[in-house]
Amino acid sequence: MMATRALLSKPRALFLNSSRLNYDAKLDLSRLSSLTDLICNDVDAVSDATEIVNLVKQHEPEIVITKEMEVPSAALEQFPSSVKLLAEAGTGYNNIPID
């Protein structure tokens, strides 16, 4: 799968909790979609570390995006090697383990 993905020009991005940012479904994500193969998980939050890991493994993204959602260290450690960037769609990094 990864060999095939390498031939594509756009990285795959998984927004783990896109409804947190796009709560009224009026946000235009077309610019982000034009740059990435964007997958939106339309929930407000994913609180279970196992569910986070399963979603990331299922979609094999290069980019994982969250909005005001904690990503536990235990989950981050289990992300596949496809993940190159963990991004917070907001300010700060208190929800992302940096140690």
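Definitions and limits used
Residue positions are given per chain, counting from 1 as you read along its sequence in written order. This being a predicted model, a pLDDT of at least 70 is required before a residue's local features are given, and a value of 80 or more before pairs of side-chain atoms are given or counted; all residues contribute to the totals for chains, interfaces and linings. The basis for every side-chain value is the complete set of heavy atoms in the structure, and neither hydrogens nor water enter the calculation. Side-chain atoms within 4.5 Å link the members of a nonpolar core, which is a set of buried Ala, Val, Leu, Ile, Met, Phe, Trp, Tyr and Cys residues. Summary of the burial criterion: residues with accessible area below 20% of their type's maximum are buried, those above 50% are exposed, and those between are partly exposed, where the area comes from a 1.4 Å probe applied to protein chains only. Counting from the N terminus, the helices are DSSP H or I runs at least four residues long and the strands are E runs at least two residues long. Between two residues, a contact is recorded if the distance between any of their heavy atoms is within 4.5 Å. Values of pLDDT, ranging from 0 to 100, describe the predictor's confidence in every residue of the model. Two strands qualify as a pair provided DSSP detects at least 2 bridges between them. What counts as an axis is a line fitted to C-alpha atoms, over the stretch in contact for a helix, and the angles between N-to-C directions run from 0 to 180 degrees.

1. Focus on the nonpolar core
Inference 1: Core analysis: the largest hydrophobic core is formed by 16 residues, its most contacted members being Leu14, Leu16, Ile52, Val56, Val64, Met69 and Phe79.
Inference 2: Broken down by element, this core gets its largest block of residues, four residues, from helix H4 (residues 49-59).
Inference 3: The residues touching leucine 14, leaving out its near neighbours within four places in the chain, are Ile39, Leu55, Val56, His59, Pro61, Ile63, Val64 and Ile65.
Inference 4: Core analysis: the next-biggest nonpolar cluster, separate from the first, contains six residues, Phe15, Leu29, Leu38 and Ile63 among them.

2. Points about the confidence of the model for the protein
Inference 1: For the protein, per-residue confidence averages 91 on the pLDDT scale, and residues scoring 70 or more make up 92% of the total.
Inference 2: The secondary structure element of the protein with the lowest average pLDDT is helix H1 (residues 2-7), at 55, and the one with the highest is strand E1 (residues 12-15), at 98.

3. As for the sheet that holds E1
Inference 1: One open sheet accounts for four strands, arranged E2-E1-E3-E4; its pairing is parallel. Two strands lie at the open edges of the sheet, namely strand E2 (37-40) and strand E4 (85-88), each paired on one side alone. For this sheet, the mean angle separating the axes of adjacent strands, direction not counted, is 20°.
Inference 2: Where strand E3 (residues 63-66) and E4 come together, four bridges link them in parallel fashion. Note on E4: the bridge partner recorded for isoleucine 65 is alanine 87.
Inference 3: H4 rests against E1, E2 and E3 of the sheet, and its axis sits at about 155° to E1.

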